[in-house]
Amino acid sequence: MFLFLQKDKARLLGRTHYSYDELRPFFILIIPFLGSALISNANLFIDQIMATNVTIGGVSALRYAYRINDLPIQVLVIALSNAMLPFISKLAQENDTPGLQFILQNSLLITGLFSIPITAYIIIFSPELVQVLLERGAFNKDATTITSLTLACYSLGLSFSAFCFLNGTFMTAMKKARTLFYVGLATMFLNIVLNLIFIALIEHTAGIALSTTVTMLVI
C-alpha cells in the first residue's frame with residue numbers, strides 16, 4: 001500500500017491544521033466516555049478480587065458464568081445498539097424527542113421479548129449448559145455446580161443489563177457523557193457495597209452474581 005501511494009505521489013506526512021474550537025467538544029466527550037469504559041471493566045475485576053475470599057475456584061466460576069451470560073448481550077443487545085446509534089444520533093442532533101422516545105420504547109420492547117425467554121432458558125438449563133460447554137478434564141461436577149448456580153444468578157439480571165446498554169447508547173447519542181461517567185461511579189460504589197452484603201449472606205460466588213443483578217436493577 002505504501003509503495004502504491006508513493007507511486008501516485010500521495011502525501012503521507014504533512015502539516016495538518018487543527019482548530020481548538022473543533023477539538024474541544026471531542027475531548028469533552030471522550031474523557032468521560034473513557035472513564036465510563038474503565039469503570040465498567042473495573043467492576044468485573046473487583047468482583048473477581050472479592051471472589052478469591054469466597055471459595056476455591058470462585059474466580060474461575062465467576063468468570064465462566066459471566067462470559068456465558070454475556071454472550072446474548074454481545075450478540076443481540078450490542079449489535080442492536082450499534083445499529084441504532086447513527087439513527088438516534090441524527091434524531092438527537094435534530095432535537096426530535098418524540099422520535100427518540102419511539103425508538104427507545106420499541107427497542108426496550110424488542111430487547112425484553114428476547115431477553116426474558118433467554119433468562120428463563122438459562123435458569124432452567126444452566127447445569128446442562130455448563131456441563132456441555134465446560135465439564136471436561138479438571139473441570140468436574142463440583143465446578144459445574146458452582147458455575148451453574150452463579151450463571152443462574154447472573155441471568156436474572158440479563159434484562160436489566162440489556163436496558164442499561166440501550167440507555168447508554170441513547171446517552172451517547174445525546175452527548176450525555178458526564179451523566180454516563182457519574183452513573184459508572186455509582187455502579188462501582190453500589191457493586192462493592194452489595195458484594196459485601198451478599199457474600200456475607202450467601203458465602204458463594206452466586207452472591208456476587210446476585211449483587212451484579214441488583215446493581216443493574218438499581219442503575
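Our subject is the structure listed above.
Quick look at the structure, then. (Residues numbered from 1 in each chain as written. Predicted model: local features only at pLDDT ≥ 70, side-chain atom pairs only at ≥ 80, totals over all residues. Heavy atoms only, no water.)

**Thoughts on the overall build of the protein**
Logical step 1: When helices and strands are counted, the protein shows eight helices and zero strands.
Logical step 2: For the protein, whose C-alpha radius of gyration is 21 Å, the value lies well above the compact-globule estimate of 17 Å for 219 residues.
Logical step 3: The C-alpha extent of the protein, read off along each of the three principal axes, is 65 × 50 × 30 Å.
Logical step 4: Across the 219 residues of the protein, 37% fall into the buried class.
Logical step 5: Pairs at least 24 residues apart make up 74% of the contacts formed inside the protein by residues separated by at least 6 positions. (Helix = DSSP H or I, 4+ residues; strand = E, 2+ residues; numbered from the N terminus. Rg over C-alpha atoms; globule rule 2.2 N^0.38 Å. Buried < 20%, exposed > 50% of the residue type's maximum accessible area, 1.4 Å probe, protein only. Contact = heavy atoms within 4.5 Å.)

**Remarks on a nonpolar patch on the surface**
Logical step 1: On the surface, Leu 71, Val 75, Leu 76, Ile 110 and Phe 114 cluster together into a nonpolar patch covering about 450 Å² of accessible area.
Logical step 2: The element that contributes the greatest number of residues to the nonpolar patch is helix 3 (residues 58-93), accounting for three residues.
Logical step 3: Here Leu 71 shows up in helix 3. (Patch = residues over 30% accessible without salt bridge, like charges linked within 9 Å, V, L, I, M, F, W, Y side chains within 5 Å. Areas by Shrake-Rupley, 256 points an atom, 1.4 Å probe, with all protein chains shown as cover. Salt bridge = Lys/Arg side-chain N within 4 Å of Asp/Glu carboxyl O.)

**Notes on the pattern of salt bridges**
Logical step 1: Taken as a whole and judged by the stated rule, the model has one salt bridge.
Logical step 2: Between Lys 90 and Glu 94 there is a salt bridge whose closest N-O contact spans 2.8 Å.
Logical step 3: By relative accessible area, which is 46% here, Glu 94 ends up partly exposed.

**Details of the nonpolar core**
Logical step 1: Grouped together as the largest cluster of nonpolar side chains are 21 residues, with contacts concentrated most on Val 130, Leu 151 and Ile 208.
Logical step 2: Going through the elements one at a time, helix 2 (20-51), helix 3, helix 4 (97-134), helix 5 (141-155), helix 7 (177-202) and helix 8 (205-218) are the ones with two or more residues in this core.
Logical step 3: At four residues, helix 8 tops the list of elements feeding residues into this core.
Logical step 4: Not counting residues within four places of it along the chain, the set of residues in contact with Leu 151 comprises Ala 65, Ile 68, Asn 69, Ile 122, Ser 126 and Val 130.
Logical step 5: Residues Ile 73, Leu 91, Ala 92 and Phe 170 belong to the second largest nonpolar core, which totals 12 residues. (Core = buried A, V, L, I, M, F, W, Y, C linked by side-chain atoms within 4.5 Å.)

**As for the environment of Asn 167**
Logical step 1: Examined against the element boundaries, Asn 167 turns out to sit in helix 6 (residues 158-173).
Logical step 2: As a C-alpha pair, Asn 167 and Leu 180 span 13 residues in sequence and 9.6 Å in three-dimensional space.

**Things to note about the environment of Gln 93**
Logical step 1: Here Gln 93 is to be found in helix 3.
Logical step 2: The exposed category is assigned to Gln 93, whose relative accessible area is 70%.
Logical step 3: Once the C-alpha coordinates of Gln 93 and Thr 169 are considered, the two residues, 76 residues apart in sequence, prove to be 14 Å apart.

**Notes on helix 6**
In an α-helix, one turn spans 3.6 residues; hence positions three or four apart end up facing the same way.
Logical step 1: Look at helix 6: 23 Å from first C-alpha to last across 16 residues, which is about the 22 Å you get at 1.5 Å a residue.
Logical step 2: All buried positions along helix 6 are accounted for by Leu 158, Ser 159, Ser 161, Ala 162, Leu 166, Gly 168, Thr 169, Phe 170 and Ala 173.
Logical step 3: Its buried side turned inward, helix 6 meets helix 3, helix 4, helix 5, helix 7 and helix 8.
Logical step 4: Just downstream of helix 6, Lys 175 is the residue with a positive phi angle, here 60°. (Expected span 1.5 Å × (residues − 1).)

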